[in-house]
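Fold and geometry: a report
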Amino acid sequence: MYKIISNNLIKDNVYMLEVEAPLLAHSIKPGEFIIIMVDSMSERIPMAVYDINGDNIIIVYSVSGASTHELKNATSIHSLLGPLGNESSYTFNSELYIDKKVLLLVSGTGIAQVNRISKRLNELEIKNDIYSVDYSIFDDIKMIEKDNLRDLIKEYDSILTVGSFEFMENVVNISKDLNKEVRVSLSPLMLDGIGLCGACRVLINGEIKFACTDGPEFDGTKVDFDSAKKRMELFKTEEGRRYLREVEGNTFTGGRA
Ligand SMILES: Cc1cc2nc3c(=O)[nH]c(=O)nc-3n(C[C@H](O)[C@H](O)[C@H](O)COP(=O)(O)OP(=O)(O)OC[C@H]3O[C@@H](n4cnc5c(N)ncnc54)[C@H](O)[C@@H]3O)c2cc1C
Ligand code: FES
């Protein structure tokens, strides 16, 4: 059982949750994520860690359905699973970005996934800016309108984008056109987050990868967005999932389940 320190509304339907979790707080790296269960029968909720405060982790989440509604009303947390996924390549391979200017371009709660990356880059004195598209949870985050993305992207060497699938595909297309390095976080594909459901299977440069275990961050120019979108649609129904299991066989979950 994990103690909740605070769980407050910060804007519209977005909450900030601080939980005492010393092991996670001292081990989780920027880009890795966790899975929260409010009680033993709850659904698993994948979440980024927005920040660390001593022995506590801070999560910023929007209330969008049943699980996040339950989280909003939680009095304690049953389990926190993590760290999951892989560290962001911007902090893992930070030496590649020493003389570069990095743009962290987010929509919605995407800010939660890039905040610790930005803080680490600041510690390493690597130039970086966070921009949020059309709407921002925090007043001190710069905003950009969708129509002006191209002009903004032009000013940077490398772009990490986190948001809806359609938003990230648009950012990748603009960046490719401008010959910029672009990376994406494929968290929107994920369901269970631990490599067992098969939901986040995606083709990267023609190779099968799983966003939860091989990502969440990938080279945006290598992602097959069209096949991922088709697969996401099929995955929504029982019949679609049966069809995928039939045609993908053992690779449906990478042979894990
Ligand atoms: C690695 C990872 C990190 C995440 N970090 C955060 C975070 O820091 N803050 C935050 O608010 N949310 C985050 N999410 C999304 C969060 O897990 C979902 O919003 C949540 O599971 C929704 O559950 P629900 O039952 O409340 O709503 P549901 O009824 O399951 O979904 C409600 C809405 O949320 C959307 N949604 C569901 N799953 C995802 C997903 N994987 N990614 C994006 N949208 C989704 C659905 O399309 C739907 O519109 C993250 C997801 C992943 C995989
Ligand atoms: S989220 Fe289920 S396999 Fe990756």
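Residues numbered from 1 in each chain as written. Chains lettered and ligands numbered in written order. Predicted model: local features only at pLDDT ≥ 70, side-chain atom pairs only at ≥ 80, totals over all residues.

**Examining the site of ligand 1**
- Close to ligand 1 lie 22 residues; Pro46, Gly65, Ser67, Thr68 and Ala112 are nearest.
- The set of elements that each furnish at least two residues to the shell around ligand 1 consists of strand E4 (45-48), strand E6 (56-62), helix H2 (66-72) and helix H4 (111-123).
- Sorting elements by how many residues they give to the shell around ligand 1 places E4 first, with four residues.
- Among the residues forming the shell around ligand 1, the class breakdown is twelve nonpolar, nine polar and one charged.
- Split by domain, the shell around ligand 1 shows at least three residues from each of two domains, domain 1 (2-84) and domain 2 (89-231). (Near = placed C-beta within 6 Å. Helix = DSSP H or I, 4+ residues; strand = E, 2+ residues; numbered from the N terminus. Nonpolar A, V, L, I, M, F, W, Y, C, P; charged D, E, K, R; others polar. Domains from an automatic or database assignment.)

**Some points on the pairing of strand E13 (residues 181-185)**
- Judged by how many residues are buried, E13 sits mostly within the fold: four of five residues are covered.
- Where strand E12 (residues 158-162) lies against E13, four bridges are found, and the strand directions are parallel. Counterpart to leucine 160 in the pairing with E13 is arginine 183. (Buried ≥ 20, exposed ≤ 12 C-beta atoms within 10 Å, placed from the backbone. Pairing = 2+ DSSP bridges.)

**Overview of the nonpolar core**
- Ranked by internal contacts, the top residues of the largest apolar core, which has 60 residues, are Val102, Leu104 and Cys200.
- In this structure, this core is formed jointly by two domains, domain 1 (2-84) and domain 2 (89-231), each of which donates at least three residues.
- With residues up to four places along the chain from it excluded, the contact list for valine 102 reads Tyr90, Tyr97, Leu121, Ile126, Lys127, Asn128, Tyr156, Ser158 and Leu160. (Core = buried A, V, L, I, M, F, W, Y, C linked by C-beta atoms within 7 Å. Contact = placed C-beta atoms within 7 Å.)

**Topic: the sheet that holds strand E2 (residues 14-20)**
- Reading across the sheet, the five strands line up as E5-E6-E2-E1-E7 and stay open at both edges, with antiparallel pairing between neighbours. Each end of this open sheet is capped by a strand with a single partner; those strands are strand E5 (51-53) and strand E7 (76-77).
- Pairing of strand E1 (residues 2-11) with E2, which is carried by six bridges, proceeds in the antiparallel orientation. Counterpart to isoleucine 4 in the pairing with E2 is valine 19.

**A closer look at the pairing of strand E14 (residues 201-204)**
- Here E14 pairs with strand E15 (residues 207-210) via four bridges, running antiparallel. Within the sheet, the bridge partner assigned to isoleucine 204 lies in E15 and is glutamate 207.
- Between the end of E14 and the start of E15, which pair antiparallel, lie two residues, with asparagine 205 showing a positive phi angle near 55 degrees.

**As for the packing of helix H8 (residues 225-235) against helix H9 (residues 238-248)**
- Relative to each other, H8 and H9 sit at 125 degrees, their axes nearing to 6 Å. Taken as axis vectors, H8 and H9 run oblique relative to one another. Along its contact with H8, which presents Arg231, Leu234 and Phe235, the element H9 presents Gly240, Arg241, Tyr243 and Leu244.
- A class-by-class count of the residues in the contact of H8 with H9 yields four nonpolar, one polar and two charged. (Axes fitted to C-alpha atoms, helices over the stretch in contact; angles between N-to-C directions. Parallel < 35°, antiparallel > 145°, perpendicular 65-115°, else oblique.)

**Let's talk about the domain arrangement of the chain**
- According to the domain assignment, the chain consists of domain 1 (2-84) and domain 2 (89-231).
- Relative placement of domain 1 and domain 2: their C-alpha centres are 22 Å apart.
- Between domain 1 and domain 2, the residue contacts involve 18 residues of the former and 19 residues of the latter.
- Per element, the largest residue contribution to the side of domain 1 that touches domain 2 is three residues, and it comes from E6.
- Among the residues making up the side of domain 1 that touches domain 2, the classes are represented as twelve nonpolar, two polar and four charged.

**Remarks on the environment of lysine 146**
- With respect to the helices and strands, the residue lysine 146 is situated in the loop between strand E11 (142-144) and helix H5 (149-153).
- Accessibility expressed as a C-beta count within 10 Å gives 10 for lysine 146, which makes it exposed.
- As a C-alpha pair, lysine 146 and valine 133 span 13 residues in sequence and 6.2 Å in three-dimensional space.
- Excluding its chain neighbours within four sequence positions, the residues that come into contact with lysine 146 are Val133 and Asp134.

**What to know about unusual backbone geometry**
- Between glycine 82 and the following residue, proline 83, the backbone shows a cis peptide bond with an omega angle of 0 degrees.
- Structurally, the position occupied by proline 83 is in strand E8 (residues 79-84).
- In this structure, proline 216 follows glycine 215 across a cis peptide bond, with omega equal to 10 degrees.
- Residue position: proline 216 is located in the loop between helix H7 (211-214) and strand E16 (217-219).

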